[in-house]
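Report on the structure
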Amino acid sequence: MKNKYLDLIEKNLAEMLPSENCTEANVIKSIRYSLLAGGKRIRPTLLLAFNEIFGGDTQTALPFACAVEMIHTYSLIHDDLPCMDNDDLRRGKPSNHVVFGEDVALLAGDALQSLAFSSMLSADVLKKSGINGAIAAGFLANASGATGMVGGQVIDLETENKNPDIEAILEMYSKKTGALIKVSCEMGAALCGVYDDPNVKTYAENIGLAFQIVDDILDIESDTQTLGKPVGSDAENNKVNYVTKTGISESKKLVEKLTKSAIDALEQIPADTQFLQELAEQLAHRIK
Ligand code: GRG
């Protein structure tokens, strides 16, 4: 299935970056290097697809979709730093800190986070999105912070060299990876005034968990060239994950179960959800 939103996302991400024609050009080059390095653009796609099924306007939703991708890219830049996973390859290119140095990479991540929020909360954007836009931005702030994505990363760091049980691993996944995926779906709906829809929540939570388990499987079964990032990094960092704990076959079974639950939830939404159904299947069976 072709991602019908991909070109729009790429074009808008490029347009939202500040010009390099200034004294702080180096950090903007560093941001551009990672933000425009490809990537599957899953999170902005989810946001735009949910926005569409609830009757939203894609142009109005685009700054929000790009903001989620900015937060995701900042998390990848920081995740690769020597103080975190210390990975030197990302999206098929040397990691940001390898090219720009740790100091600029750290600041590029910080600046991406600010840019995400200024992109959603500018007067022009809020004039179109109204209160729903401000609410969606608030959702993203919560999901990416200490009780969401960053919190999940902290739990992940603290479980190195430990043996967390399956429940603890899944809780960590639901924050580290799941929070941003879930909020992408919720923001798309919220921009249309749809908050707390149980079917959106079920779809989002299930594909979020499945996404991280597939990531763990690929870390074992795939290779660096296909993934564009190093494989085997969990084993190298002495991290137990769902796959090392339960095995590949059990993990694949859980991915299928989660994907089915996600699709069942979508079927409860009275709209054309075919794209999102196919996306869930595609993510479960992705090769990168
Ligand atoms: C504040 C110093 C500091 C660090 C924070 C927040 C954080 C570091 C890390 C977030 C945790 C994280 C990076 C989780 C990984 C989630 C994941 C599976 C990422 C890969 O996503 P894809 O496959 O990547 O969508 P592409 O490249 O396709 O966008």
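For the structure itself, look to the data block above.
Residues numbered from 1 in each chain as written. Predicted model: local features only at pLDDT ≥ 70, side-chain atom pairs only at ≥ 80, totals over all residues. Heavy atoms only, no water.

**Overview of the overall build of the chain**
How we decide: In this description a helix means any DSSP run of H or I spanning at least four residues, a strand means any run of E spanning at least two, and both kinds are numbered starting from the N terminus. Here the globule rule reads 2.2 Å times residues to the power 0.38, and the radius of gyration is calculated from C-alpha atoms. The buried label goes to any residue with under 20% of its type's maximum accessible area, the exposed label to any with over 50%, and the partly exposed label to all in between, with areas taken from a 1.4 Å probe on protein chains only. A contact between two residues is defined here by any heavy atoms of the two lying within 4.5 Å. Accessibility throughout is a Shrake-Rupley quantity obtained with a 1.4 Å probe, and a residue counts as covered only by protein chains that appear here. Counted as positive: Lys and Arg. Counted as negative: Asp and Glu. His and the chain ends are not counted at all. Note that the charge is assigned to NZ on lysines, CZ on arginines, CG on aspartates and CD on glutamates.
For the chain, the helix and strand inventory stands at 16 helices and two strands. Expected size for 288 residues packed as a compact globule is a radius of gyration near 19 Å; at 18 Å, the chain falls within 12% of this value. Dimensions along the principal axes, computed over C-alpha positions, put the chain at roughly 50 × 50 × 35 Å. Across the 288 residues that make up the chain, the buried fraction comes to 51%. Within the chain, contacts between residues separated by at least 24 positions form 74% of all contacts whose residues are at least 6 apart in sequence. Roughly 12800 Å² of accessible area belongs to the chain as shown, and the carbon and sulfur atoms make up 53% of that amount. Charge-centre separation for the chain: the mean point of 27 positive side chains lies 2 Å from the mean point of 41 negative side chains.

**Some points on the side chain of Thr58**
Examined against the element boundaries, Thr58 turns out to sit in helix 4 (residues 58-80). Residue contacts for Thr58: discarding those within four places in its chain leaves Leu8, Leu48 and Asn51.

**Brief notes about the site of the ligand**
What counts here: If even one non-hydrogen atom of a residue comes within 4 Å of a molecule or strand, that residue is called near it. In the analysis that follows, any N or O atom pair within 3.5 Å is treated as a polar contact, provided that within protein one partner can donate a hydrogen and the other can accept it, and provided that, for residues neighboring in sequence, both atoms belong to side chains.
The ligand sits among 17 residues. The nearest are Lys40, Arg43, His72, Arg91 and Gln153. Here an oxygen atom of the ligand and a side-chain polar atom of His72 are 2.8 Å apart. Within the side chain of Arg91, one N or O atom sits 2.7 Å away from an oxygen atom of the ligand. Within the complex, the protein chains bury 88% of what would otherwise be the 740 Å² of accessible surface of the ligand. Among the secondary structure elements, those contributing two or more residues to the shell around the ligand are helix 4, helix 8 (149-158) and helix 11 (198-221). For the shell around the ligand, the element with the most residues is helix 4, which contributes five residues.

**Details of the packing of aromatic side chains**
We count it as follows: Each aromatic pair joins two rings of Phe, Tyr and Trp (for Trp, the six-membered one) with centres within 6.5 Å, and gets the label stacked for planes under 30 degrees apart, edge-to-face for over 60, and tilted for any other angle.
Counting across every chain of the model gives four aromatic pairs. Note on Phe50 and Tyr203: the rings are 5.4 Å apart at their centroids and 65° apart in plane angle, and the pair reads as edge-to-face. On the criterion of sequence distance, the pair formed by Phe50 in helix 3 (residues 42-53) and Tyr203 in helix 11 is long-range, its members being 153 residues apart. Among the residues examined, Phe50 registers a relative accessible area of 0% and is labelled buried. Plain terms: the ring middles of Phe139 and Tyr195 are 6.5 Å apart, the flat faces sit at 80° to each other, and that makes the pair edge-to-face. Linking Phe139 in helix 7 (residues 123-144) with Tyr195 in the loop between helix 10 (178-190) and helix 11, this pair joins segments that are 56 residues apart in sequence.

**Notes on the state of the cysteines**
Inclusion rule: Criterion for a disulfide: a pair of cysteine sulfur atoms within 2.5 Å.
For the structure shown, the criterion picks out zero disulfides. Of the cysteine sulfurs around Cys185, a residue in no disulfide, the closest is that of Cys192, at 13 Å.

**As for the pattern of salt bridges**
A side chain of one charge can pair with a side chain of the opposite charge when the charged atoms of the two come close. Selection criterion: Only one rule defines a salt bridge in this text: a Lys or Arg side-chain nitrogen within 4 Å of an Asp or Glu carboxyl oxygen.
On inspection of all chains with the given rule, the structure shows 19 salt bridges. A salt bridge links Lys4 to Glu52, with the nearest nitrogen and oxygen atoms 3.5 Å apart. Note that Lys4 is positioned in the segment before helix 1 (6-16) and Glu52 in helix 3, a separation of 48 residues in sequence. Note on Lys4: relative accessible area 48%, which makes it partly exposed. In this structure Glu52 comes out as partly exposed when scored by relative accessible area, which is 37%. One salt bridge in this structure joins Asp85 and Lys239, with 3.3 Å as the shortest N-O distance.

**Section: the packing of helix 4 against helix 8**
Filter applied, for reference: For every element, the axis is a line fit to its C-alpha atoms; helices are fit only across the contacting stretch, and the angle between N-to-C directions ranges from 0 to 180 degrees. Angle categories are assigned with fixed cut-offs, so that under 35 degrees is roughly parallel, over 145 is roughly antiparallel, 65 to 115 is roughly perpendicular, and the rest are oblique. For any helix crossing, the convention is left-handed if the near helix is rotated counterclockwise from the far helix by under a right angle, and right-handed if that rotation is clockwise. The classification used treats Ala, Val, Leu, Ile, Met, Phe, Trp, Tyr, Cys and Pro as nonpolar, Asp, Glu, Lys and Arg as charged, and all other residues, Gly among them, as polar.
Packing of helix 4 against helix 8 brings their axes to within 12 Å, and their N-to-C directions diverge by 20°. Accordingly, the angle class assigned to the pair helix 4 and helix 8 is roughly parallel. The interaxial crossing formed by helix 4 with helix 8 has right-handed handedness. Here helix 4 contributes Ile71, Tyr74, Ser75 and Asp79 to the contact with helix 8, which in turn contributes Met149, Val150 and Gln153. A class-by-class count of the residues in the contact of helix 4 with helix 8 yields four nonpolar, two polar and one charged.

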